[in-house]
Structures are given as structure tokens and as C-alpha cells.
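Overview (structure and organization)
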Amino acid sequence: MSKEIVVSGIRSTGFLHLGNYFGAMQNYVKMQDEYNCYFFVADYHSLTTHPDPKDLRGNVYRVVAENVASGLDPEKVALYAQSDIPEIPELYLMLNMLAYKGELEKVPTFKDKVRLQPDNVNAGLLTYPVLMTADILIHKAVKVPVGKDQEQHVEMARNFAHRFNSRYSEMFPMPYPFNYGDSLIKVPSLDGAGKMSKSENINATLYLADDDDAIRKKVMKAKTDAGPTEHNSEMPDYIQNIFQLMHLVSKPEITDTFRSAYNNCTIRYGDMKKQLAEDMVAFIAPIREKAAELQKDEAQLQKILREGAEKARISASATIAEARKLIGINYY
Ligand code: TYM
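Remember, predicted model here, so these are calculated numbers, not experimental data.

Secondary structure summary: the protein chain contains 14 helices and five strands in total. Referenced to the eigenvectors of the C-alpha coordinate spread, the extents of the protein chain come out at roughly 75 × 45 × 45 Å. A buried classification covers 48% of the 332 residues belonging to the protein chain. When the accessible surface of the protein chain is split by element, carbon and sulfur atoms take 51% of a total near 16200 Å². If you average the places of the 40 positive and of the 44 negative side-chain charges in the protein chain, the two averages end up 2 Å apart.

This part takes up the packing of aromatic side chains. All told, the structure shown has eleven aromatic pairs when counted by the stated rule. Three or more aromatic residues joined by ring pairs make a cluster, and in this case those are Tyr21, Phe22 and Phe283. Taking NZ or CZ as reference, Arg62 lies 3.7 Å from the ring centre of Phe15, over its face. Seen from the ring of Tyr238, Lys223 lies directly overhead, with NZ or CZ sitting 4.4 Å from the centre.

Before going further, it helps to spend a moment on the layout of surface pockets. Taken as a whole, the largest pocket encloses approximately 1300 Å³ of empty space. Along the walls of the largest pocket sit 50 residues, with Arg11, Tyr128, Asp149, Gln150 and Lys195 positioned nearest its centre. Counting residues per element, the ones that place at least two in the lining of the largest pocket are β1 (5–11), α1 (18–31), β2 (36–42), α6 (108–116), α8 (128–137), β4 (143–145) and α9 (151–167). Here the lining of the largest pocket takes six residues from α6, the largest share from any one element. Its residues assigned to classes, the lining of the largest pocket shows 22 nonpolar, 18 polar and ten charged. Roughly 200 Å³ of volume is contained in the second largest pocket. As for the second largest pocket, its lining consists of Asn179, Gly181, Asp182, Ser183, Leu184, Ile185, Lys186, Gln244, His247 and Leu248. Here the lining of the second largest pocket is built from residues that sort into three nonpolar, five polar and two charged.

On to the environment of Lys101, then. Its place among the elements puts Lys101 in helix α5 (residues 101–105). Counting along the chain gives 26 residues from Lys101 to Thr127, while the straight-line C-alpha distance between them is 8.6 Å.

Here the focus is the domain arrangement of the protein chain. Per the domain assignment, the segments of the protein chain are domain 1 (5–178 + 298–327) and domain 2 (202–292). Listed as interface residues are twelve residues of domain 1 and, on the opposing side, 14 residues of domain 2. Here domain 1 meets domain 2 over a buried area of about 1100 Å², counting both sides, of which 81% is carbon and sulfur. When residues of domain 1 are sorted by the area they lose upon contact with domain 2, Leu18, Phe22 and Ala69 head the list and together hold 48% of the total. Counting every contact that joins domain 1 to domain 2 gives zero salt bridges. Here domain 1 is connected to domain 2 by two residue pairs in polar contact (both at pLDDT 80 or more). Only α1 and α3 (53–69) provide two or more residues apiece to the side of domain 1 that touches domain 2.

Okay, the site of the ligand next. In the neighbourhood of the ligand, 27 residues make up the surrounding shell, with Arg11, Tyr128, Asp135, Asp149 and Lys198 lying closest. At a separation of 2.7 Å, a nitrogen atom of the ligand approaches a polar side-chain atom of Asp135. Taking a 2 Å distance to the grid points as the criterion, the majority of the atoms of the ligand fall inside the largest pocket. Those elements that place two or more of their residues in the shell around the ligand are β1, α1, β2 and α8. Within the shell around the ligand, the residues separate by chemical class into twelve nonpolar, nine polar and six charged.

Once that is clear, we can look at the pattern of salt bridges. Going through the model one piece at a time under the given rule, you end up with 20 salt bridges. Three or more residues joined by partner-sharing salt bridges are found here, namely Asp212, Arg288 and Glu289.

Along the chain, Asn59 turns up in helix α3. Under the relative-accessibility criterion, Asn59 is labelled buried at 11%. Among the polar contacts listed, one links the side chain of Asn59 to the side chain of Arg62, at a separation of 2.8 Å. With residues near it in sequence (within four places) discarded, Asn59 still touches Ser12 and Thr13.

The rules behind these values
- Residues numbered from 1 in each chain as written.
- Predicted model: local features only at pLDDT ≥ 70, side-chain atom pairs only at ≥ 80, totals over all residues.
- Heavy atoms only, no water.
- Helix = DSSP H or I, 4+ residues; strand = E, 2+ residues; numbered from the N terminus.
- Buried < 20%, exposed > 50% of the residue type's maximum accessible area, 1.4 Å probe, protein only.
- Areas by Shrake-Rupley, 256 points an atom, 1.4 Å probe, with all protein chains shown as cover.
- Lys, Arg positive; Asp, Glu negative; His and termini not counted.
- Charge placed at Lys NZ, Arg CZ, Asp CG, Glu CD.
- Phe/Tyr/Trp six-rings, centres within 6.5 Å; stacked < 30°, edge-to-face > 60°.
- Lys NZ or Arg CZ within 6 Å of the ring centre and 35° of its normal.
- 1 Å grid on protein atoms, 1.4 Å probe; cavity = no way out; pocket = protein on both sides within 12 Å on 5 of 7 lines; lining within 4 Å.
- Points joined across faces, edges and corners; volume = space filled by probe spheres on them.
- Nonpolar A, V, L, I, M, F, W, Y, C, P; charged D, E, K, R; others polar.
- Domains from an automatic or database assignment.
- Contact = heavy atoms within 4.5 Å.
- Buried area = accessible area lost by both parts, 1.4 Å probe.
- Salt bridge = Lys/Arg side-chain N within 4 Å of Asp/Glu carboxyl O.
- Polar contact = N/O pair within 3.5 Å; in protein donor to acceptor, adjacent residues only side chain to side chain.
- Near = heavy atom within 4 Å.
- Sits in = over half its atoms within 2 Å of the grid points.

Structure below.
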């Protein structure tokens, strides 16, 4: 039986963090044995925010290195740069004819970007979900492992796939967001406000490249309070966040001990943060070290990208040939 197809991407806009790891990469690593996987660096998507050209290469290499350091095996999956697959922008162009300005303007991530960068509201930003749709449909993917923040984009990909199928012919399966747990994950930031992010909340985000001291400092600064005064009281958001982070990296018995201490009002947040900091260091340090090692070997990273693109183009070119034919672009 042929394996189900999986696609997911990560923008090359900054340092990868725990949100990327637990929202996406951890699933990639688990999926690589069971599925036919296409994972890529979304370098075209990163151009929406106008990065300095001299940073692009290093950013792309780092995303590749951090994925491999986290356990992704380029022999088992296609790991490539989006810009190495010319069929993606071709499908994007076709899909743009089926995407409407009004619906794109309503997307919350677009509205956020308009607020954040009012001087650069470019058409690429508006059609961001269309390019994402092309990334997914180019391999006819079904499962798309992403964090909670990308859920709506994948919903839009379903809409566009459906629209293409209705206009031309049933060609694309319906993709849906995927996570091994019960629901999609949002890894919270350490300051109790929002989520970990590549570019915002830098001091409240734990990056896979952070050194041990930086990790300890950031964790120890996490927002807490004087502690509960009544047994089994409800946890404020920022305390829930610390428990959630602990749940991700610490042994279950450790989290349970602190949870009981919370419930009977004996918790000492200083001790809890110290424990969390050490468990974070133990989790991040090996990934950081392996990724740093890999980034020294540019030839190896280039080989991974080249071979990944070769694999990805096989399925991408078959999809484009089919789409062209259905649209009527077959003149000779
Ligand atoms: P990006 O680069 O912002 O993030 C990469 C992946 O990490 C997840 N993520 C999180 N998950 C949980 N908690 C967080 N705090 C957190 N922050 C980020 C994201 O959900 C994502 O899975 N538009 C996409 C890249 C993309 C893509 C695609 C993804 C382009 N084309 C096609 C899937 C399929 C993005 O900017 O992700």
C-alpha cells in the first residue's frame, strides 16, 4: 500500500525555538518512518518581510541543520528549499486565479502583519496562504503537521483545493492539520503573554541555539507570583504556561510533584524554575551542539538540499503536468 503523503514547512526568518520543535519538528521526526514526507524551508515565504540578502543562506542552512539535529533523517524524507522547486510558484500562480482579495484580507495573520509592518503590506503578504496551499498541494499531501497558529492557513488550503477540484476536476485530496496528540499545540512564551516566536518576545522564547546560561536566565525570569493561598485553586495563565513547558521536557513524576505542591500550597516557584531550567538545558544542549557541528559542514547541507529537491521535483512535476492539462494548458 502506498504511504500517506505529508508536507510541512518552516520559514527561514530567524532562530528556531521550542514552539517550532514541539508544534512541528517533533511530529516530523515521528512521521518520517510511517509516511511519505516532504519537509521544506519556506524561503520564498520569508521574502514577505524583506530579509537582508546576505542573511538568507545562513538562515536556510540553520533551519536544515536544526531539523537534522532534532532527528530528521534526510535519507528518509525529502528535505528541500521551497525556491528549488519551480513547480511551486507555478501552482501558486494558478491558485491565485481562484483566490479572492476579500477572503485574503480577512485572514487574521494578514491583519496582524498589516499592524506590525504598515509600510510593507505587499501582495506576497496578502497571498501568503495561497503560496502555502501550493506548497501542500504540489505533492497532494493529506496530513500537514503544524502548530495551532497555522491551523487557519491549512483550512484555507482545503478551500482552495476544493475550489480547484470543483472548477476543473477532482485532482487534490483534502489536506488537514495534524498533530500526534489530541489537538494542535501552542507553546506559550515565558512571560505569560502570547506564544514563543522567531521574531517577537525574544527574551521569553527559548531558541534551539540558546546557550546554557541564556536558557537558565530566561527560565528564571518567567513570570510567577507569591503562590496559591487556597488548596486546589485555579492556576493563572502564566503558571499554567510554566507547567506546560515542564510537561514538554521534564519527567512526568517531576511535573506531578510540583502539581501536588501547587494544589496543597507548598510550591516554591524558584525551585520549580530551577528544575525546569536544568531540564531545558538537558533538552536543548544536544540539539544545539549537533546543529552547530552540522552548520560547519556546508557541503553536507548543500548535498541534503540538492538531493531533497531532486526527490521533491519528481512529485511536483507530475502534479503540475496534471494541473496544466486540466486547466487546458496543453498546446502541443
Ligand atoms: P513558521 O516558520 O512560523 O513555524 C514553523 C512551524 O512551527 C510551528 N510553531 C509553533 N507551534 C507551537 N507553538 C508555537 N509557539 C509555535 N510557533 C511556531 C508552526 O505552527 C509551524 O508548524 N507559514 C508557515 C510555513 C509554511 C508551511 C507551508 C507550513 C509555509 N508553507 C506549508 C505547512 C505547510 C510558517 O510561517 O511557519
